[in-house]
Each structure stands twice: as structure tokens, then as C-alpha cells.
Amino acid sequence: MEKKKSIVSVIVKIFCIVIIVVSIPFMIGIGLMLNGDAQRNMEYTYAATIDNACKSYYSDIMIGKTENRDGEKNAVPLFPEQGKSESERKEFAFSRTINDALKYIGTENYLSYLDICVADNEGNIYWKSDKKIDETNLQDISLNSDTTLGELYHNKKDYP
């Protein structure tokens, strides 16, 4: 009886080892597929965050905001002085950079993702491999920390 239990135990152990060995490549494949989807989702998120930072920053300048969200003034002013006209605020906004927008929102660490981003002619920022992009509507600029909102939005007089 003892011999039967040990034979069954050995067979069960061998079966488990075979299952594990066979399933490892399958699990690695599933992991890589999920990782690829997760990576694509993150790249969409990075681009959308940068796009939203630029738009929010521009809008807050244009409505007359004069200080950071936390209420502290920066050494490099992120906002024009209070009482500036709309045209002065727009000129100031167009001179600000993507770096300033990300600093304002608190996402400066996203600067490293600008190399995976492109902008269309309306100033919307997308992930380079986004299948929804109309390649004929892309700006011919390389986005970097020093790209100004004026370059991004083409210094449009009618930009909101």
C-alpha cells in the first residue's frame, strides 16, 4: 500500500511539473500581450495629460488667473500680473512653454514623454502611433520642453 502511495505521489509531482513547464511560455505570451496593451494605454494617457496641461494652463491665463493653483508665486512667473488686458494675457500665454504648462499642473515628469507625441494643426497633442490621427493634419514641429503655446496654437488671433 505504501508503494502505491509513493508511485501516485511521484506521478502527481511529474504531472504538476509538466503542467508548469508547458504553461510558462503561454503565460509569458499572455503577459507580453497585456504589457503591450498597457504600454499603449499609458502612451495615450501621457499624450492626453500633456495636451490637457497645455489647454488648462492657456485657459487659466486667459481668464485672468495670476498665481499657481497652490497659491504660491514662482521665481519664473507662470502668470501675467493682475489687471492685464485680454490681448496682453494672450501674448503672455503664447510666450509660455509646454514645460511651464506641465509645471503648472504638477506633471513636469511628463516632459520625458514629449518624444512620443505629435500635434495637429489645431494644437491638439496625440501619441505618435494613435491610429485616429489624420497624418495630413499634423504640424511640422518637434515637441519639446521649450515649444511655446504660440507655436503649438500657431499664434492664432482667434484661438479662444
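Reading the values: rules and limits
Residues numbered from 1 in each chain as written. Predicted model: local features only at pLDDT ≥ 70, side-chain atom pairs only at ≥ 80, totals over all residues. Heavy atoms only, no water. Helix = DSSP H or I, 4+ residues; strand = E, 2+ residues; numbered from the N terminus. Buried < 20%, exposed > 50% of the residue type's maximum accessible area, 1.4 Å probe, protein only. Polar contact = N/O pair within 3.5 Å; in protein donor to acceptor, adjacent residues only side chain to side chain. Contact = heavy atoms within 4.5 Å. Phe/Tyr/Trp six-rings, centres within 6.5 Å; stacked < 30°, edge-to-face > 60°.

**Q** Looking at this structure, how should I read the side chain of glutamine 139?
**A** The residue glutamine 139 is located in the loop between strand E2 (125-127) and helix H4 (149-152) in this model. Taking the relative accessible area as the measure of exposure, glutamine 139 reaches 10% and is therefore buried. Within the local environment of glutamine 139, its side chain forms a polar contact with the backbone oxygen of leucine 152, the two atoms lying 2.7 Å apart. Beyond its immediate sequence surroundings of up to four residues, glutamine 139 is in contact with Ala119, Asp120, Asn121, Gly123, Glu151, Leu152 and His154.

**Q** When you look at the packing of aromatic side chains in this model, what are you seeing that I'm missing?
**A** Each aromatic ring pair is specified by the distance between its two centres and by the angle formed by the two planes. Counting across every chain of the model gives 9 aromatic pairs. Ring geometry for tyrosine 46 versus tyrosine 113: centroids 3.6 Å apart, planes at 10°, classification stacked. Of the two residues, tyrosine 46 sits in helix H1 (residues 2-62) while tyrosine 113 sits in the loop between helix H3 (98-105) and strand E1 (117-119), which places them 67 residues apart along the sequence. Looking at tyrosine 46, the relative accessible area reads 12%, which means it is buried. A relative accessible area of 26% means that tyrosine 113 is categorised as partly exposed. Measuring from ring centre to ring centre gives 5.6 Å for tyrosine 58 and tyrosine 153, while their planes differ by 70°; the resulting arrangement is edge-to-face. Placement of tyrosine 58 in helix H1 and of tyrosine 153 in the segment after H4 is noted, with a sequence separation of 95 residues between them. Of the residues examined, tyrosine 58 reaches a relative accessible area of 2% and is grouped as buried. Of the residues examined, tyrosine 153 reaches a relative accessible area of 1% and is grouped as buried. Among the aromatic residues, those joined into a ring-pair cluster are Tyr46, Tyr110 and Tyr113.

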